[in-house]
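Below, each chain spelled out in residue letters.
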Amino acid sequence: MGIDITPADVADFHQVLADHSRYWGERDLRSLHLLALVREFGATCLVARAEDGIRGYVFGFVTPDGTGYVHLIATRDDTRGSGLGRRLYAAFAEAAELQGARRLKAITSVENTGSIAFHRSVGFDVRITDDYNGPGRAMAVFRRDLPLAF
(Lines give C-alpha, C1' and ligand atoms only; values in the text may rest on other atoms or scores of the structure.)
Protein backbone atom coordinates (compact mmCIF):
# COMPACT_ATOMS: atom_id res chain seq x y z
CA MET A 1 0.00 0.00 0.00
CA GLY A 2 1.49 3.33 -1.07
CA ILE A 3 1.76 6.37 1.15
CA ASP A 4 1.62 9.87 -0.32
CA ILE A 5 2.85 12.88 1.64
CA THR A 6 0.89 16.00 0.76
CA PRO A 7 -0.03 19.35 2.33
CA ALA A 8 -2.70 19.02 5.02
CA ASP A 9 -6.08 20.64 4.64
CA VAL A 10 -8.80 21.50 7.16
CA ALA A 11 -10.50 18.09 6.77
CA ASP A 12 -7.17 16.35 7.44
CA PHE A 13 -6.71 18.42 10.59
CA HIS A 14 -10.13 17.37 11.89
CA GLN A 15 -9.43 13.71 11.01
CA VAL A 16 -6.16 13.81 12.94
CA LEU A 17 -8.02 15.16 16.00
CA ALA A 18 -10.75 12.53 15.63
CA ASP A 19 -8.07 9.81 15.61
CA HIS A 20 -5.90 11.53 18.24
CA SER A 21 -5.33 8.46 20.41
CA ARG A 22 -4.02 6.48 17.39
CA TYR A 23 -1.11 8.95 17.22
CA TRP A 24 -0.59 9.94 20.84
CA GLY A 25 -1.98 7.10 22.97
CA GLU A 26 -3.02 8.25 26.41
CA ARG A 27 -1.31 11.65 26.14
CA ASP A 28 -3.87 14.35 25.38
CA LEU A 29 -2.07 16.79 23.10
CA ARG A 30 -5.14 18.09 21.28
CA SER A 31 -4.53 21.60 22.64
CA LEU A 32 -1.22 21.71 20.73
CA HIS A 33 -3.01 21.06 17.43
CA LEU A 34 -3.65 24.49 15.99
CA LEU A 35 -5.80 24.80 12.89
CA ALA A 36 -4.18 28.18 12.23
CA LEU A 37 -0.92 26.35 11.43
CA VAL A 38 -2.61 24.38 8.67
CA ARG A 39 -4.39 27.48 7.36
CA GLU A 40 -1.37 29.82 7.47
CA PHE A 41 1.58 27.48 6.89
CA GLY A 42 0.02 24.89 4.59
CA ALA A 43 3.22 24.12 2.66
CA THR A 44 4.91 22.87 5.85
CA CYS A 45 1.94 21.08 7.42
CA LEU A 46 1.94 17.65 5.81
CA VAL A 47 0.01 14.41 6.08
CA ALA A 48 1.07 10.91 5.03
CA ARG A 49 -1.99 9.35 3.46
CA ALA A 50 -2.67 5.75 2.50
CA GLU A 51 -5.85 3.98 1.38
CA ASP A 52 -6.76 3.37 5.02
CA GLY A 53 -6.38 6.99 6.13
CA ILE A 54 -3.77 9.33 7.54
CA ARG A 55 -0.77 7.32 8.73
CA GLY A 56 1.19 10.28 10.07
CA TYR A 57 1.61 14.01 9.98
CA VAL A 58 3.97 16.89 10.64
CA PHE A 59 2.84 20.43 11.41
CA GLY A 60 5.46 23.17 11.30
CA PHE A 61 6.54 26.45 9.78
CA VAL A 62 9.61 28.46 8.78
CA THR A 63 10.68 31.35 10.99
CA PRO A 64 11.99 34.66 9.60
CA ASP A 65 15.56 33.68 10.59
CA GLY A 66 15.46 30.56 8.39
CA THR A 67 14.58 27.90 10.94
CA GLY A 68 12.16 25.14 9.98
CA TYR A 69 10.34 24.59 13.26
CA VAL A 70 8.52 21.28 13.73
CA HIS A 71 5.61 21.88 16.07
CA LEU A 72 4.18 18.33 15.96
CA ILE A 73 5.15 15.09 14.26
CA ALA A 74 3.35 11.81 14.81
CA THR A 75 2.80 8.43 13.21
CA ARG A 76 -0.22 6.22 13.71
CA ASP A 77 0.17 3.31 16.12
CA ASP A 78 0.07 0.68 13.36
CA THR A 79 2.77 2.47 11.33
CA ARG A 80 5.52 2.98 13.91
CA GLY A 81 8.89 1.50 13.05
CA SER A 82 8.20 1.65 9.30
CA GLY A 83 10.42 4.67 8.59
CA LEU A 84 7.45 6.98 8.07
CA GLY A 85 8.70 9.46 10.69
CA ARG A 86 11.92 9.85 8.71
CA ARG A 87 9.95 10.29 5.48
CA LEU A 88 7.82 12.97 7.10
CA TYR A 89 10.90 14.80 8.35
CA ALA A 90 12.49 14.59 4.89
CA ALA A 91 9.35 16.00 3.27
CA PHE A 92 9.14 18.77 5.86
CA ALA A 93 12.82 19.62 5.40
CA GLU A 94 12.36 19.83 1.64
CA ALA A 95 9.32 22.12 2.00
CA ALA A 96 11.13 24.26 4.58
CA GLU A 97 14.23 24.60 2.39
CA LEU A 98 12.03 25.86 -0.46
CA GLN A 99 11.02 28.65 1.93
CA GLY A 100 14.62 29.50 2.80
CA ALA A 101 15.19 27.36 5.89
CA ARG A 102 18.82 26.55 6.68
CA ARG A 103 18.23 24.57 9.87
CA LEU A 104 15.58 22.58 11.72
CA LYS A 105 14.40 22.86 15.30
CA ALA A 106 11.91 21.00 17.51
CA ILE A 107 11.25 20.61 21.22
CA THR A 108 9.75 18.00 23.52
CA SER A 109 9.42 17.30 27.22
CA VAL A 110 12.48 15.81 28.90
CA GLU A 111 10.36 12.79 29.83
CA ASN A 112 9.62 11.93 26.19
CA THR A 113 12.50 9.50 25.76
CA GLY A 114 11.03 8.04 22.57
CA SER A 115 11.04 11.42 20.84
CA ILE A 116 14.54 12.19 22.10
CA ALA A 117 15.84 8.87 20.73
CA PHE A 118 14.07 9.39 17.40
CA HIS A 119 15.45 12.90 16.92
CA ARG A 120 18.97 11.74 17.76
CA SER A 121 18.59 8.95 15.20
CA VAL A 122 17.84 11.49 12.46
CA GLY A 123 20.87 13.62 13.30
CA PHE A 124 19.58 16.26 15.70
CA ASP A 125 21.71 17.65 18.49
CA VAL A 126 19.78 17.54 21.78
CA ARG A 127 20.18 19.95 24.67
CA ILE A 128 18.14 20.05 27.84
CA THR A 129 17.28 23.69 28.45
CA ASP A 130 16.12 24.69 31.93
CA ASP A 131 13.08 26.98 32.19
CA TYR A 132 12.54 26.76 28.40
CA ASN A 133 8.77 26.57 28.76
CA GLY A 134 8.53 28.68 31.93
CA PRO A 135 10.02 28.45 35.44
CA GLY A 136 10.87 24.88 36.33
CA ARG A 137 9.83 23.57 32.90
CA ALA A 138 12.90 22.18 31.19
CA MET A 139 12.56 20.99 27.61
CA ALA A 140 14.67 18.92 25.24
CA VAL A 141 15.61 21.24 22.37
CA PHE A 142 16.59 19.64 19.05
CA ARG A 143 18.61 21.39 16.34
CA ARG A 144 20.26 20.33 13.12
CA ASP A 145 21.45 22.00 9.95
CA LEU A 146 19.98 21.41 6.52
CA PRO A 147 20.12 19.69 4.14
CA LEU A 148 18.64 16.63 5.73
CA ALA A 149 20.22 13.42 4.50
CA PHE A 150 19.59 9.97 5.94
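Residues numbered from 1 in each chain as written. Predicted model: local features only at pLDDT ≥ 70, side-chain atom pairs only at ≥ 80, totals over all residues. Heavy atoms only, no water.

A. Structural detail: the overall build of the chain. Of regular secondary structure, the chain possesses five helices and seven strands. Secondary structure of the chain in N-to-C order comes out as β-α-α-α-β-β-β-α-β-α-β-β. The C-alpha atoms of the chain give a radius of gyration of 15 Å, which matches the 15 Å a tight globule of 150 residues would have. For the chain, with 150 residues in total, the buried portion stands at 43%. For the chain, restricting intrachain contacts to residue pairs at least 6 apart in sequence, the fraction spanning at least 24 positions comes to 60%. When the accessible surface of the chain is split by element, carbon and sulfur atoms take 49% of a total near 8000 Å². (Helix = DSSP H or I, 4+ residues; strand = E, 2+ residues; numbered from the N terminus. Rg over C-alpha atoms; globule rule 2.2 N^0.38 Å. Buried < 20%, exposed > 50% of the residue type's maximum accessible area, 1.4 Å probe, protein only. Contact = heavy atoms within 4.5 Å. Areas by Shrake-Rupley, 256 points an atom, 1.4 Å probe, with all protein chains shown as cover.)

B. The arrangement of helix α5 (residues 113-121) in detail. Turning to α5, its buried residues are Ser115, Ile116 and His119. Along α5, the residues classed as buried sweep out an arc of 100° about the axis, all on the same side. Across α5 from its buried face, at more than 90 degrees, point the exposed residues Thr113 and Arg120. Buried-residue contacts for α5 involve α4 (84-98), β5 (103-109), β6 (125-129) and β7 (139-145). Within two residues after α5, Gly123 carries a phi angle of roughly 90°, on the positive side. (Arc of directions from axis to C-beta.)

C. Main features of the nonpolar core. Membership of the largest hydrophobic core comes to 25 residues, with the highest contact counts inside it found for Val58, Val70, Tyr89, Phe92, Leu104 and Phe142. Looking at this core, the elements with two or more residues in it are β2 (45-50), β3 (53-62), β4 (67-75), α4, β5 and β7. Once residues lying within four places of it in the same chain are set aside, the contact partners of Leu104 are Thr67, Gly68, Tyr89, Phe92, Ala93, Phe124, Phe142, Arg143, Arg144, Leu146 and Leu148. In this structure, Tyr23, Leu29, Ile54 and Ala74 belong to the second largest nonpolar core, which totals 15 residues. (Core = buried A, V, L, I, M, F, W, Y, C linked by side-chain atoms within 4.5 Å.)

D. How the structure looks around the side chain of Arg144. In this fold, Arg144 is placed in strand β7. No salt bridge forms around the buried Arg144; measuring N to O, its nearest opposite-charge neighbour Asp145 is 7.4 Å away. A distance of 2.7 Å separates a polar atom in the side chain of Arg144 from the backbone oxygen of Val122. In this structure the side chain of Arg144 is engaged in a polar contact, spanning 3.3 Å, whose partner is the backbone oxygen of Pro147. (Lys, Arg positive; Asp, Glu negative; His and termini not counted. Salt bridge = Lys/Arg side-chain N within 4 Å of Asp/Glu carboxyl O. Polar contact = N/O pair within 3.5 Å; in protein donor to acceptor, adjacent residues only side chain to side chain.)

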